[in-house]
Each structure stands twice: as structure tokens, then as C-alpha cells.
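Survey of secondary and tertiary structure
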Amino acid sequence: MAAVKRNLLVTSALPYANGAIHIGHLVEYIQTDIWVRFQRLMGNRVVYLCGDDAHGTPIMLRARSEGLAPEQFIARMNQEHRADFARFGVQFDCYYSTHSPENEALCHCFYERLKTGGHIVHRDVEQFFDPVENIFLPDRFIRGQCPACKSPDQYGDSCEICGKHYNPTDLLNPKSAVSGAVPERRSSRHFFLRLEDFREPLQKLLRTGLVDSVVANKLEEWFGKELKDWDISRDAPFFGFPIPGETDKYFYNWLDAPIGYLAALARHLGGSAADAEEYWQMEDLEVHHFIGKDIIYFHALFWPAMLLGAGLKPPKQLCVHGHLTINGEKMSKSRGTFINAAQYARHLDPQWLRYYFATRLSALPADIDLSFDDFCNRVNSELVGKLVNLISRAAPILTRLLEGRTGIVTVEALPLLNEFRAAESALAADYDQRNFAAVTRRICALADQANKFVENQAPWSLVKSDAEAARGVLTAALECGRILMIYLKPIIPDIAASVEKCLNIRPQTWRDIQDSMPSHIIKQFEHLTGRVEERKIQDMLNENKAQATPIIASPAPAAAVAGTEPLAPECSIEQFSTIDLRVARVIRAEALEASDKLMKVELDAGPLGKRTVLAGIKKAYLPEQLNGRLVIFCANLAPRKMKFGTSEGMILASGPGGTEVFLLSVDERATPGQRVH
RNA sequence: CCGAGGGUAGCUCAGCGGUUAGAGCGGAGGACUCAUAAUCCUUUGGUCGUGGGUUCGAUCCCCACCCCUCGGACCA
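Residues numbered from 1 in each chain as written. Chains lettered and ligands numbered in written order. Predicted model: local features only at pLDDT ≥ 70, side-chain atom pairs only at ≥ 80, totals over all residues. Heavy atoms only, no water.

In this structure, Gln72 sits in helix H3 (residues 70–87). On a C-alpha basis, the gap between Gln72 and His288 in space is 31 Å, while along the polypeptide they are 216 residues apart. (Helix = DSSP H or I, 4+ residues; strand = E, 2+ residues; numbered from the N terminus.)

Across the sheet, four strands lie side by side as E5-E4-E9-E10; this open sheet has antiparallel pairing. On the outer flanks of this sheet lie strand E5 (135–136) and strand E10 (230–231), each paired with one strand and no other. Both strand E9 (residues 184–193) and E10 contribute to a ladder of two bridges, which runs antiparallel. Bridging across to E10, Leu193 finds its partner in Trp230. (Pairing = 2+ DSSP bridges.)

This part covers the nonpolar core. Among the nonpolar cores identified, the biggest contains 166 residues, and Trp230, Tyr344, Leu353, Phe357, Phe375 and Trp510 are the most heavily contacted of them. If one sorts the elements of this core by residue count, helix H12 (residues 372–401) sits on top with 14 residues. With 19 residues, the next largest nonpolar core counts Ala605, Ile617, Leu626 and Val631 among its residues. (Core = buried A, V, L, I, M, F, W, Y, C linked by side-chain atoms within 4.5 Å. Buried < 20%, exposed > 50% of the residue type's maximum accessible area, 1.4 Å probe, protein only.)

Take unusual backbone geometry next. The omega torsion of the bond from Ala236 to Pro237 falls at -5 degrees, within 30 degrees of zero and hence cis. With a phi angle near 60 degrees, Asn134 is a residue other than glycine that sits in the positive phi range. By the element assignment, Asn134 lies in the loop between strand E4 (120–130) and E5. On the accessibility criterion, Asn134 (43% relative accessible area) is partly exposed. Although it is not a glycine, Arg434 adopts a positive phi angle of roughly 60 degrees. Topologically, Arg434 is positioned in the loop between helix H14 (424–432) and helix H15 (436–457). For Arg434, a relative accessible area of 6% gives the class buried.

Time to look at the domain arrangement of chain A. You can read the domains of chain A as domain 1 (7–109 + 253–321), domain 2 (119–199 + 216–235), domain 3 (349–514) and domain 4 (573–663). Centre-to-centre, using C-alpha coordinates, domain 1 lies 26 Å away from domain 2. Residue-level contacts link 17 residues of domain 1 with 14 residues of domain 2. Here domain 1 packs against domain 2, burying approximately 1400 Å² in sum over the two surfaces, 86% of which is carbon and sulfur. Between domain 1 and domain 2 we count one salt bridge in total. Notably, a salt bridge pairs Arg64 with Glu133, separated by 2.8 Å at the nearest N-O pair. (Domains from an automatic or database assignment. Contact = heavy atoms within 4.5 Å. Buried area = accessible area lost by both parts, 1.4 Å probe. Salt bridge = Lys/Arg side-chain N within 4 Å of Asp/Glu carboxyl O.)

Let's shift gears to the pattern of salt bridges. The final tally for this structure, using the stated rule, is 36 salt bridges. Note that Glu246 and Arg189 form a salt bridge whose closest N and O atoms lie 3.2 Å from each other. One end of the pair, Glu246, is in the loop between strand E11 (233–235) and strand E12 (249–251); the other, Arg189, is in strand E9, and 57 residues separate them in sequence. The partly exposed category is assigned to Glu246, whose relative accessible area is 25%. For Arg189, a relative accessible area of 35% corresponds to the partly exposed category. Each of Arg62, Glu66, Arg76 and Glu80 takes part in one network of salt bridges that share partners.

Turning next to the packing of aromatic side chains. Ring pairs (aromatic) are described by centroid distance and by the angle formed between their planes. The final tally for this structure, using the stated rule, is 26 aromatic pairs. When the centroid spacing of 5.6 Å and the interplanar angle of 55 degrees are considered together, the rings of Trp35 and Phe290 count as tilted. Separated by 255 residues along the polypeptide, Trp35 in helix H1 (residues 23–41) and Phe290 in strand E13 (residues 285–292) bring together distant segments of the chain. Between the aromatic rings of Tyr261 and Trp303, the centroid separation amounts to 6.3 Å while the plane-to-plane angle is 65 degrees, which identifies the pairing as edge-to-face. Linking Tyr261 in helix H7 (residues 253–269) with Trp303 in helix H9 (residues 296–309), this pair joins segments that are 42 residues apart in sequence. Trp303 gets classed as buried once you look at its relative accessible area, which sits at 0%. Across from the ring centre of Phe192, 4.3 Å away, lies the NZ or CZ of Arg123, which sits over that ring. (Phe/Tyr/Trp six-rings, centres within 6.5 Å; stacked < 30°, edge-to-face > 60°. Lys NZ or Arg CZ within 6 Å of the ring centre and 35° of its normal.)

Now the structure itself:
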């Protein structure tokens, strides 16, 4: 590899701060982190930056629905996101937020320069406006009847039933998803960035390696006609940065989001916007943005245009990846078929996921599938069976029978070790080109050979006749293991670190591949990682099903705005007493697979006996959360036959439904069967 | 409707501007016992989406068609 050290600035796309990190996000962060770790291992200088995309209407509304100021809400999300990334070993130099003073200062710089350059124009735009909430409504926050197929309750941009796309203004009977009010059309002045001003340099960028050819082809289509002006302003109230010199105008959050990369850089440098710019403009600095294919437009057109307009250099490369599917199906946020990062980590080892993603990742923007069968196979047979096993079979013998001391590798192992070391350049090339699938393929092939070698040399019997020969064999096996772990370090850093610890060697770098371990005493072997048990995956999936649609993107949570349920007519105490409410203890709860909402709950109502209740709480609770807890339920409600059985009562809860369901509790000393008066 | 990518063993994929098509996993049988439970050996298995064409010869080139995925057409 080249002796000249590269100077890299790497980013992953900023996750939107209105929901948890899920396993689909992780493809990108793990991919980037692997690449970054590899570059560091090679001795290159890398700054890896990211942060929350913290502005916009959805965040503003979501914060409000939780009774929080947006600042409080995004602070919490930021904490959660950091914790999630840490769990998966994604190591940023700085994880910041677009809601930061550095970012605001940078936004002002960009805006002033774009304005001075004559690239900003103004135009009136007519949009739907919610007269109750006094906000302009993004497309996704308008619901109505599809103009094509007449399906009710469709989004403002497209119909989920017939797939037709349209304008929000085409919807029949439009309603605001925020307040339920009928939206009005209103006009207001918007600010636009004239993309067409940058046509030539942007088009040139495509041909000079900003993206690979597949993506470049796609982008060429966009240049087929005039590039439209980009609407960069939003009207108050909006959570974001006010446009300087204007009243009630804010920057659209997609304007300040990529600038957030620079803000994170400023923060990382402990300096100002000017320091960040200076760093960015360093001649040898290569800027690499890792992004999903859904945001190519922003990173290949808007962002370079902004940079060029502000007198800064465009990025060197966009590393575009595809989306994640699970067991061959699209991960649907609204249908709840996604797994949160934290949730995964509660059930399964994050290192497994890093390994698995690596086996599926290439430089192409192709979708990758997480098939749990395949996941088990690969983790168990490759990661555990081949790679970890090599160390776990050699190290304990050495410790137990040969005082744990390594020696000189046996002569028979030299061709093998040569091959291990010779793989270096091919592996480095695969890594650098983000061909991680090829990396793991090569590494497994090497591990296969090492295991064959151990098998043939049979050090466990050799040790009885020739202890020193056995030591040589085991040393060679561990040497193989050591080299493999260097190769794997970017992918499974935690396991690699455990191997270093076991082998009692300092943290290895790429250069150590060509070296050998000195003769020394290794440490007691400790468990590196276990096998995937399908049960654990099932547990996780069941939990996931039970949770369904958590807090992501969809405007549904907005329906949770309080105070919308009208007060019921007055009732007498006699009428009230006809409702028999009882305390019960949950014996068993089970999420009904075939149902979106229902959970089958078995209750112990003390002297009243046991009851089976079907409760619409699947999206809000996990079965485990319910087992053993006390609830209040209506015991004299007429039994009701439902699709999944008969429900013998109703568990009391507040909230609008969906994920927003809150069970009533009773203090500890209450006993099952007691009536509630 | 348009565009892009893909359809290769049960699964995941590699290959290729042309000889008898590869790997891992799985299945079957065996060996071994050092392994925090795995490895090793043998073996099974494909008319390389369909139909044409070019050629001495095509999985690989050309044409048509089918299917899958993504994207565009509307919005960003």
C-alpha cells in the first residue's frame, strides 16, 4: 500500500432526531465505521463525523405531543442515539447536532454567500395551512381521500392503496393530521436556491468520480432537463434557524443538515466556523459522505451546489448504499417490521450484526437482506466455527499443557503463514473499495486452511510425543489467528480486542501483519462470543411485533395531541356502579401474531377466577412487561367474540391507542379480585 | 409508461469478451476429540430465467420476452 498517508474526513448521514436508531440505519453506520476503522488501522488520518438532524416540523410536533420543548426532546434523542451507536461500536470523533451555535453560524455564512452570489430567489408558494394550529402542513401531515381510487385516509403525497402520486391539493376532503381541521390554501413567500446556476460544475462532478457509474447514470437523468430551484425556506412556527434579516422565515432543515457536517467538524476542532472551513479546504483532505440511496439528490446536487456557492470544495466521494430488507421483505416503518438498535442489542451480540452486514456489503448501492436463517449460518459457521474456533482450540492447549508459552512456529506452517501475509494487499484493496463481502470471503478461506492445518498436525496428540513440536504448531495456529484478527479488526473490533488480550499482545495495526509474535506467555483463554440461538431471534422478533410502529416518522403520533376526546354526558352514581371494575394480576401475556393490535392476556382475578382478555395494547407493551403486574379491568363487560377468541373483559388504559396506550396501575397491596369503587 | 440493476446448485453468492461452471452454507456418510463445542475427510447437488440469433463453440456477445428489485414520471 502507498506509503503516503491519506487525510480523510468521513461522515455518515445525520439521522433524524424524531425516532430511535433502527437496524436499517445501522447498515450505514456500521459500513462507515468499518471503513473508518480500516483506514485508521492503515495509519491514515481520519476524522469521522455525524450528529442529529434536529430541525423540522415533525420534531416540533412530536416534542409538543410529549409535552416537551423541542430542545429538550432533541437533547433526549441525542443521548439515545449516542448510546445506540456506542452499543454497536460505531466510533465517531464527534457526534453533534444541527441545532448548535456552530451550525447556525455556518448557515449564516452559506446563506450570505449564496445570496451575495445571486443564487437565491423568491417566489410565492401556495400550500395547505392548518388554521387551528397556525402552521403550514408538510405533505405527510395532510390526510384525505385518494383522488384516483377514493381510498380514505391517505397521505398528502401518495396513496398507499393504489400507489398513485398526486399533490396534496388534489386530495378529496383533506384534513390536517395534526388538528383534524380542514386545511386552507395559503400563499407565502419562499426562498429558493437556483440549482441551475451550478449545472456545469455539478455535472462535471459526476464524471470525476463523485459517485460510481451506476449512481452516475441515475443522476444523468436529472440533468436531462432543467434543474428546479430548491425551496430552502419554511414559515413560522418552525423549529430551526431563522433566516437572518427576515421575519418569520426559517431555513428548511435540509439546508442546515449537511452544513451540520461542518458544524461537527468545528466542534471536533474545538473551534469556530472559520476553523472548520480552513480544515475542509486543506488540499489533501478527502471528504467522503456515506449515504443511503434515498438521499442521493441532496448530496449530489444540493449540497455540492451549496458548497460551490459558498466557495468551498465539493466532496470527493459519495458512498451510496442500499436499503435493508428483513427476511426478504421491505422494512416498513408504518407496519412495524423494523428492529430498533437498542432492542437488537438486548437480545443479540452487536458484533454479530457487524460481521453479518460485512458479509453482505459491497460498494454497490444494492439493497441488502438480513435473513435470519442466513444470519445464524454465517455467524455460527463462519464467525464462531471457523474464526473464533481457531483461537479457542489452540490457546487452551497451550495454556494447559505447555505453560502457555509460545515458541518458534513449526516449519510446516511457513507456507501457510506466507499465504496469510500475502493476502494483505488484496484485503486492503477490498476494504478500501468497500467490498466487505469479499473481505469476509477471503478471510474465511484463510481460516479454513488454518483449521485444516491444525487438524493435520493434531497438536493435542503431538504434545504427548514431542512437546516442542506441538508448541510450534500451536504457535503457528495462534499466529494465524492473530493475523486473521487484524484483518477482522475493522469489522469486529470487540472480538479482536479480546483476542489481543488473550494473546497478551498490544493492540495490533495493519503493519503487524508482517511481524511475528515474540515468544511469550499468553493469557487464559476467555469466551469470545457464543453461537446465535434461534430462540433469541424469535424472542426479539416477537418483541418487535408486539411493539410495532414506535416513534418513527409517521404523523400518527400527532393524533395523540391531548385534549381531543370530548367529555361524555353526565352519569349518576347508580349508572357508574353498574360497571364492575376489578384488580387482576397478569398471569400470561401473548402477542397475537396474526393481529396488529391485539394481545392475549390471561388474568388472575382472585376469587373471580381466571379470565382471558384480548386487549388492544400490542403496539404499546411487550408481553414480558405485563407478566405479573397488576391491572384494572372491567369484569362485568359482556363477553365478546373476536377474531382470535372470546374476550372476557376489558383492561383499563388511557391514551389514544397505537403505541400511546397507558395501563392503569394500582398500588402494591391491592389483591386480585378486589373491586374498584 | 420510461430507466437502471439483477435472475448461476435447497440457501447466500463468486465467475466470465468463449476450453470439462465454482465457493461457502445446507443434505448424506465417515473421521477426530484440542475447541467456551467445533473442526477434518468423502459425497450429493446446476439443461448458469425463457425463446431465438451470431459463432467452430456462449452462462458470458446480440435481439425479443418473462420475473424480481430499485429508481424516474408527481414531490424533494
